[in-house]
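Report on the structure
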Amino acid sequence: MKLSTRACVLAVIVLPFASERYPQAGQTTFRSTTDVVYVTATVIGADGHLVTDLTEDDFRVRADGVRREMTVFHSDQIPFAASIWFDISPSDVGSFPLMAGAMSEFVRHFGPGDRANVGSFNGLPSMTSRFTANRRTLINWVNASLGGEDVPCFGPTLARSAGRLAGDWDRTGTASWSAIECGIKALASDLETPRHVVVIVTDGFDNVSGIDERYVERLANRDGVMVYVVAVPGTGGVNRADLEALADHTGGGYLPIPGFQDLESAFAEVADELRHQYVIGFSPSTATTDSHEIDVLCGRPNVHVRFRRAYATSDRGTPAPPPDMGAAVVAQPLAIGAPTVELTDPAVLARLDRYLAGDSTMVPRTFHSRSDLRIALDTLRNSAPSWIGAASAPADQSRRRLAVAAYTLDLVAAQPDTLWVPPSLSVSSVLDWTRWVLDMGPPSAAERVWYKAAAGLLERFEPRAIRPPLLHADQRQNPVDLDPPPLLRLVKDGEKRFPGDAWWALERALEQELRSWPDARDGHAPEWVTTAASAIGLYDRAAEFADVRAEAEVRRAFLTLRLARLSDEKTHRAGESLESRLADGDLGEVLRHLDAAGTPVAPELRYLLNLFRGMALQRGGRLAEAVGAFRAAFSEAPYAQSATVALGTALAESGQSGEAAALLSRMWDITPAPVDPWLFYVFPHYPHVDEWRHQLRAALAP
Amino acid sequence: MTPTAARWPLFVAAWTVAALHAQVPVFRAGVDVVTVPVSVTKDHQPVLGLTAGDFVLTDNGVPQAVDAVAQESLPIDIILLLDTSASIEGQALTQFADAVAEMTGGLQPSDRIRLVSVRGTVTDLGGMQAGGLRATVAGLGAAGGTSLYNALATALIVAPRIDRLQLVLLCSDGLDTTSFIGAPDVGRLAPHSAAVLYVGLRRGSSDSGLMYTGGPNTSVLRAAAESTGGRLVEVRGADALRTFFTTALDTVRTGYLLRYAPEQVAAHGWHDVAVRTRTPGLTVRARKGYDD
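Residues numbered from 1 in each chain as written. Chains lettered and ligands numbered in written order. Predicted model: local features only at pLDDT ≥ 70, side-chain atom pairs only at ≥ 80, totals over all residues. Heavy atoms only, no water.

A count of helical and extended segments in chain A gives 26 helices and 17 strands. Residue burial in chain A is summarised as follows: out of 702 residues, 57% are buried. Long-range contacts, defined here as pairs at least 24 residues apart, represent 77% of the contacts in chain A between residues at least 6 apart. Counting only carbon and sulfur atoms, one obtains 53% of the accessible surface of chain A, whose full area is about 28,000 Å². (Helix = DSSP H or I, 4+ residues; strand = E, 2+ residues; numbered from the N terminus. Buried < 20%, exposed > 50% of the residue type's maximum accessible area, 1.4 Å probe, protein only. Contact = heavy atoms within 4.5 Å. Areas by Shrake-Rupley, 256 points an atom, 1.4 Å probe, with all protein chains shown as cover.)

Summing up its helical and strand segments, chain B has five helices and 16 strands in all. Looking at chain B as a whole, 58% of its 292 residues are labelled buried. The long-range share in chain B, meaning contacts at least 24 apart out of those at least 6 apart in sequence, stands at 79%. About 10,800 Å² of surface is accessible on chain B, with carbon and sulfur atoms providing 51% of the total.

Looking now at the nonpolar core. Residues Leu611, Phe612, Trp668 and Trp678 of chain A together with Leu81 and Phe180 of chain B are the most contacted members of the largest nonpolar core, which totals 79 residues. Setting aside its immediate chain neighbours within four residues, Trp668 of chain A contacts Ile79, Leu81, Arg114, Val116, Val122, Asp124, Ala151, Thr154, Ala155 and Val158 of chain B. Counting residues in each nonpolar core, the second largest holds 68 residues, with Tyr407, Trp450, Ala502 and Trp503 of chain A among its members. (Core = buried A, V, L, I, M, F, W, Y, C linked by side-chain atoms within 4.5 Å.)

Let's shift gears to the sheet that holds strand S14 (residues 270–277) of chain B. Strand pairs in the sheet, formed through backbone hydrogen bonds, run parallel or antiparallel to each other. Residue and element names in this part refer to chain B. Taking strand neighbours across the sheet as the criterion, the four strands line up as S5-S4-S14-S16 in an open arrangement whose pairing is antiparallel. Both outer strands of the open sheet, strand S5 (62–64) and strand S16 (289–291), are each paired with one neighbouring strand and no more. For this sheet, the mean inter-axis angle between neighbouring strands, taken without regard to orientation, is 30°. As paired elements, S14 and S16 share three bridges and run antiparallel to each other. Bridge pairing in S16 links Asp272 to Gly289. (Pairing = 2+ DSSP bridges. Axes fitted to C-alpha atoms, helices over the stretch in contact; angles between N-to-C directions.)

The subject of this paragraph is the pairing of strand S4 (residues 59–63) of chain A. Residue and element names in this part refer to chain A. Burial along S4 is one-sided: Phe59, Val61 and Ala63 are buried, while Arg60 and Arg62, pointing the other way, are not. Note that S4 and strand S5 (residues 66–68) share three bridges and pair antiparallel. Bridge assignment links Ala63 to a residue of S5, and that residue is Val66. Between S4 and S5, which pair antiparallel in sequence order, lie two residues; one of them, Asp64, sits at a positive phi of approximately 50°.

Right, let's get into the packing of helix H24 (residues 657–669) of chain A against helix H2 (residues 148–158) of chain B. Running from N to C, H24 of chain A and H2 of chain B cross one another at 125°; their axes reach a closest spacing of 9 Å. One finds that H24 of chain A runs oblique with respect to H2 of chain B. By crossing handedness, the relation of H24 of chain A to H2 of chain B is classed as left-handed. Together, Ala660, Ala661, Leu664, Ser665, Met667 and Trp668 of chain A of H24 of chain A and Ala151, Thr154, Ala155, Ile157 and Val158 of chain B of H2 of chain B make up the contact between the two elements. Taken together, the residues of the contact of H24 of chain A with H2 of chain B sort by class into nine nonpolar, two polar and no charged. (Parallel < 35°, antiparallel > 145°, perpendicular 65-115°, else oblique. Left-handed = near helix turned anticlockwise from the far one by under 90°. Nonpolar A, V, L, I, M, F, W, Y, C, P; charged D, E, K, R; others polar.)

Here the focus is the sheet that holds strand S11 (residues 196–202) of chain B. All names here are of chain B. Pairing in this open sheet of six strands is mixed, and the strands run S9-S8-S7-S10-S11-S12 from one edge to the other. Unpaired on one side and paired on the other, strand S9 (122–130) and strand S12 (232–235) mark the two borders of the sheet. When the angles between neighbouring strand axes are averaged without regard to direction, this sheet yields 15°. As paired strands, S11 and S12 are joined by four bridges and run parallel to one another. Paired with Val199 across the strands is Leu232, a residue of S12. Of the strands in this sheet, strand S7 (76–83), strand S8 (112–118), S9, strand S10 (165–172) and S11 touch H2, which is tilted by about 175° from S7.

For the rest of this paragraph, the subject is helix H9 (residues 346–356) of chain A. Residues and elements named next belong to chain A. Listed as buried for H9 are Val348, Leu352, Tyr355 and Leu356. Across the axial projection of H9, the buried residues extend over an arc of 95°, all falling on one side. At its buried positions, H9 is contacted by helix H10 (370–389), helix H11 (394–413) and helix H26 (689–700). Positive phi appears at Gly358, one or two residues downstream of H9, with a value of about 85°. (Arc of directions from axis to C-beta.)

We now examine the environment of Asp493 of chain A. All names here are of chain A. Position of Asp493 relative to the elements: it lies in helix H16 (residues 486–497). Expressed as a C-alpha distance, the spacing of Asp493 and Trp436, which sit 57 residues apart in the sequence, is 9.9 Å. Leave out the neighbours within four places in its chain, and Asp493 touches Arg435 and Tyr451.

In this chain, Thr671 of chain A is followed by Pro672 of chain A through a cis amide linkage whose omega measures -5°. Its location among the elements puts Pro672 of chain A in the loop between H24 and helix H25 (677–682). Even without glycine at this site, His44 of chain B takes up a positive phi of about 65°. By the secondary structure assignment, His44 of chain B is in the loop between strand S2 (33–42) and strand S3 (45–46). Residue classification places His44 of chain B among the exposed residues on the basis of a relative accessible area of 75%.

This paragraph deals with the environment of Gly494 of chain A. Residue and element names in this part refer to chain A. Take Gly494: it is sitting in helix H16. Among the residues examined, Gly494 registers a relative accessible area of 0% and is labelled buried. Between the C-alpha atom of Gly494 and that of Lys452, which follows or precedes it by 42 residues, the distance is 9.3 Å. What Gly494 contacts, discounting residues up to four positions off in sequence, is Tyr451 and Trp504.

What follows is about the confidence of the model for chain A. All names here are of chain A. In this model, chain A carries a mean pLDDT of 75, and residues with pLDDT of at least 70 account for 73%. Low pLDDT, under 50, characterises residues 154–171; the predicted model gives this stretch 57 contacts beyond four residues in sequence or across chains. The low-confidence segment residues 314–344 (pLDDT under 50) makes 65 contacts with residues lying over four places distant or belonging to another chain. (pLDDT = per-residue confidence, 0-100.)

The final tally for this structure, using the stated rule, is 28 aromatic pairs over all chains. Note on Phe612 of chain A and Phe180 of chain B: the rings are 6.2 Å apart at their centroids and 25° apart in plane angle, and the pair reads as stacked. Here Phe612 of chain A, found in helix H21 (residues 603–619), pairs with Phe180 of chain B, found in the loop between S10 and helix H3 (183–189), and the two come from separate chains. For Phe612 of chain A, a relative accessible area of 0% translates into the label buried. Here the aromatic cluster, defined as three or more aromatic residues joined through ring pairs, consists of Phe80, Phe86, Phe106, Phe110 and Phe267 of chain A. The ring centre of Trp387 of chain A lies 4.5 Å from the NZ or CZ of Arg400 of chain A, which sits over that ring. Here Arg666 of chain A stacks its cationic end above the ring of Tyr639 of chain A, 5.7 Å away from the centre of that ring. (Phe/Tyr/Trp six-rings, centres within 6.5 Å; stacked < 30°, edge-to-face > 60°. Lys NZ or Arg CZ within 6 Å of the ring centre and 35° of its normal.)

On to the packing of H11 of chain A against helix H13 (residues 445–461) of chain A, then. Residues and elements named next belong to chain A. Where H11 contacts H13, the two axes come as close as 11 Å, and the packing angle between them is 20°. It follows that H11 is roughly parallel to H13 by the angle criterion. For H11 against H13, the interelement crossing comes out left-handed. Within the contact between the two elements, H11 uses Leu402, Ala405, Ala406, Leu409, Val412 and Ala413 and H13 uses Ala446, Glu447, Trp450, Ala453, Ala454, Leu457, Arg460 and Phe461.

Right, let's talk about the environment of Val412 of chain A for a bit. Residue and element names in this part refer to chain A. Note that Val412 resides in helix H11. Separated by 45 residues in the primary sequence, Val412 and Leu457 have C-alpha atoms spaced 7.9 Å apart. If we ignore the near neighbours within four places in the chain, the residues touching Val412 are Trp420, Val427, Val430, Leu457 and Phe461.

This next bit is on the confidence of the model for chain B. Residue and element names in this part refer to chain B. Mean pLDDT for chain B: 78, with 78% of residues reaching 70 or above. When the elements of chain B are averaged for pLDDT, strand S1 (residues 12–13) gives the smallest value, 34, and H2 the largest, 95. In this model, residues 1–31 is a region of pLDDT below 50 whose contacts with residues beyond four sequence positions or in other chains number 87 contacts.

The terminal C-alpha atoms of helix H8 (residues 263–275) of chain A, which comprises 13 residues, lie 18 Å apart, in line with the 18 Å expected from a rise of 1.5 Å per residue. Among the residues making up H8 of chain A, those that are buried are Leu263, Ala266, Phe267, Ala268, Glu269, Val270, Ala271, Glu273, Leu274 and Arg275 of chain A. (Expected span 1.5 Å × (residues − 1).)

Listed below in structure tokens is the structure:
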């Protein structure tokens with residue numbers, strides 16, 4: 001195992017030093033009025049081994065494109081302090097002895113002056129309060145840390161508030177970025193050791209940190225901390241690209257290992273590398289910018305030199321937190337088990353009161369930063385339970401629950417799309433919480449409307465959440481470990497709340513079909529065929545309910561048409577033919593189900609029925625009949641673009657190009673364009689969200 | 001339905017209309033005349049000064065006697081399809097806007113341009129406008145889905161058969177999310193259009209939302225463009241987009257318009273057209289055929 005694609009790594013450290021010579025271990029006089037940029041380099045030869053015999057003459061350094069004279073060069077072993085972090089979120093206790101063993105191996109490589117502390121993290125990072133070189137103490141710390149006996153570090157807003165409410169976010173979450181940040185800040189307080197490094201072992205995907213890798217990178221860059229990542233395959237994958245970039249940009253390393261059994265050797269490799277690096281110092285660039293480009297050349301042939309291309313000056317203060325960092329929260333350590341009384345904001349209670357009273361001027365704010373939105377959501381989460389509980393009568397409590405749910409929908413709908421960054425800040429997590437609020441009371445008719453609106457918001461803000469996640473090879477073999485997509489979770493909860501309701505039967509089929517999107521018109525996704533095909537049976541079941549039969553039949557017919565189109569697309573991509581007719585059987589099936597839909601009452605459904613009939617006939621080679629069907633669709637919604645373009649195309653193909661051109665020219669002249677039911681079909685709930693939200697508020701009227 | 005089974009009388013033009021502009025050459029014909037825009041390049045540079053005698057054109061394999069005129073003297077009608085969907089936002093949209101303003105400002109007054117915004121709904125931004133005025137599209141923003149194929153089909157059909165060169169320019173990441181028709185429909189329509197299609201494809205997100213992964217359907221878009229005598233060009237950055245516009249317009253302006261009255265070929269159905277030059281080593285782009 002070697003450091004991932006890494007041959008020569010230079011970490012740029014900006015530290016003020018007392019003299020031009022590197023201080024010896026044990027000295028505490030590292031601060032000075034003279035700034036020196038320190039670059040820590042790891043050089044690996046063509047044989048993959050560390051190159052340890054380079055001299056000062058083998059290196060050249062440039063800053064901002066200008067060669068800089070090296071004022072310091074060290075090839076001897078420079079002491080380091082390491083903050084070692086273990087991800088315990090998805091791990092079983094069986095891996096804990098391996099972690100302790102790895103720590104022991106790491107310490108075995110220690111030289112004079114080397115020290116470490118230990119941290120562990122799930123949704124909440126915790127770490128030991130000081131650094132030590134004592135092997136026995138460190139092993140004890142590892143065991144204590146994994147056992148949850150050390151001191152919680154400051155944690156991300158979301159993890160803390162959600163943990164207090166739901167009780168298990170701190171146990172099930174993964175706060176990799178927060179853990180690295182904790183390590184960097186702990187190292188920053190260490191003034192005794194010349195070099196600083198964070199080593200993090202993780203098998204998870206960060207899902208709760210209120211910060212991101214860019215912020216952590218800036219922090220590491222300012223404080224001169226190298227980050228080494230040991231990545232172990234986990235059920236949810238790891239933030240590989242981001243972690244690898246962080247390691248690369250900080251001059252550390254990224255070591256993927258197949259399992260915890262290789263952790264010891266990975267730690268040995270990291271320790272060995274840390275003991276065989278070069279430290280180069282030069283006077284900083286005179287450029288006035290905060291960030292400086294750096295270039296290091298190595299004159300030895302057949303060694304690969306990789307180095308960080310920029311460094312940041314340290315005297316500009318702490319980097320600004322990223323916009324999605326929870327603001328009001330991070331200053332103080334959180335005592336586990338603290339009572340849930342914080343973050344209850346009287347202003348939120350007043351807003352909920354006004355909302356419940358039918359004050360139409362009370363609309364949730366639109367936020368422009370993730371931190372503000374996150375705080376607002378946290379505050380709502382913390383305030384709502386007590387606000388609901390303040391009502392004494394069960395009916396009043398139910399009404400308040402519905403008010404919270406409706407208010408949350410309004411809050412979500414009012415935000416720009418760009419503020420939502422799943423999974424750390426997602427609409428689906430907000431909706432999950434809201435359903436938890438609703439589940440505390442009996443269902444109501446208005447709650448059914450809430451479910452429909454919630455589905456629409458998922459379509460709008462989190463379309464990817466509708467699909468199942470992309471799977472790694474090992475996950476495909478064990479798909480039961482995966483959570484269902486958020487829309488499916490919502491539908492399942494809805495079925496439980498409203499058993500026997502025909503709408504859910506249709507909704508289950510629709511959810512299944514949506515997971516089969518994209519339309520195969522341009523895609524290369526044969527796996528979607530299976531998903532789409534499975535929705536057919538669900539539509540058949542839904543069609544047994546008279547209330548939803550027409551829509552179920554129309555959707556089933558079009559799904560059959562889509563599936564039949566796959567073979568055409570495949571043929572077309574192969575360049576064999578631009579044309580392929582619908583097989584007689586497929587065409588017959590499509591038309592049979594369209595006929596079974598009867599004449600729907602809703603004009604938009606009649607539009608779609610005729611639109612799909614036209615496409616089926618066109619693809620079946622019955623062009624004249626297709627033109628007739630498209631004309632019927634057109635008559636339901638004149639100049640709606642889907643039917644107009646379909647009709648124009650069919651007319652052109654049937655030789656009526658003059659009428660086609662006139663029709664389409666007229667379509668472009670109409671501004672704004674008429675509402676197109678096809679776009680409602682593509683996004684079945686989203687276009688109705690506003691209407692349903694209004695219904696909810698009306699239901700709350702005193 | 002196959003191309004040969006359908007009637008596509010789109011491309012046979014009876015040039016009985018007088019020139020709309022005094023500088024426009026006048027073609028008159030008592031019988032149906034087929035016109036074929038052609039571009040000729042060598043090492044990616046246009047080849048100028050060719051005459052009818054330099055071309056060999058066959059219609060369904062039968063050599064035809066052609067006239068040729070330089071297209072430089074002809075005015076151009078442009079339909080510019082501008083993808084302003086959510087997948088084209090921020091810097092990309094700004095680049096689009098800048099390049100469009102520069103391109104429209106550089107047109108001749110006798111040229112005309114129609115700007116069309118392509119989102120889930122396709123919107124004509126103001127009808128045909130005279131060339132030479134810098135068009136402002138920066139305020140459009142970017143949002144929603146992309147009905148790219150709807151827009152392309154419409155543009156290819158509405159391009160009229162008059163004595164002005166018809167050019168359709170598409171600037172997009174090529175990711176269609178909301179059209180009802182599909183890429184094959186565009187592929188079928190393109191060879192029968194009066195317009196030459198140039199596609200400027202900007203690589204964007206590969207996963208733009210609910211309806212779509214994969215794509216763009218580069219092969220179909222390229223085939224559609226080439227069937228009209230145009231091209232698909234992948235553009236990256238503002239300069240590349242400007243270059244795309246410049247290339248498309250220069251290619252059209254430095255091309256030739258071949259015309260002939262078909263002889264010794266069937267009167268109805270699809271006609272394969274092949275054009276080459278008598279001088280070897282030259283690259284010729286021309287539409288692949290027409291319907292009679």
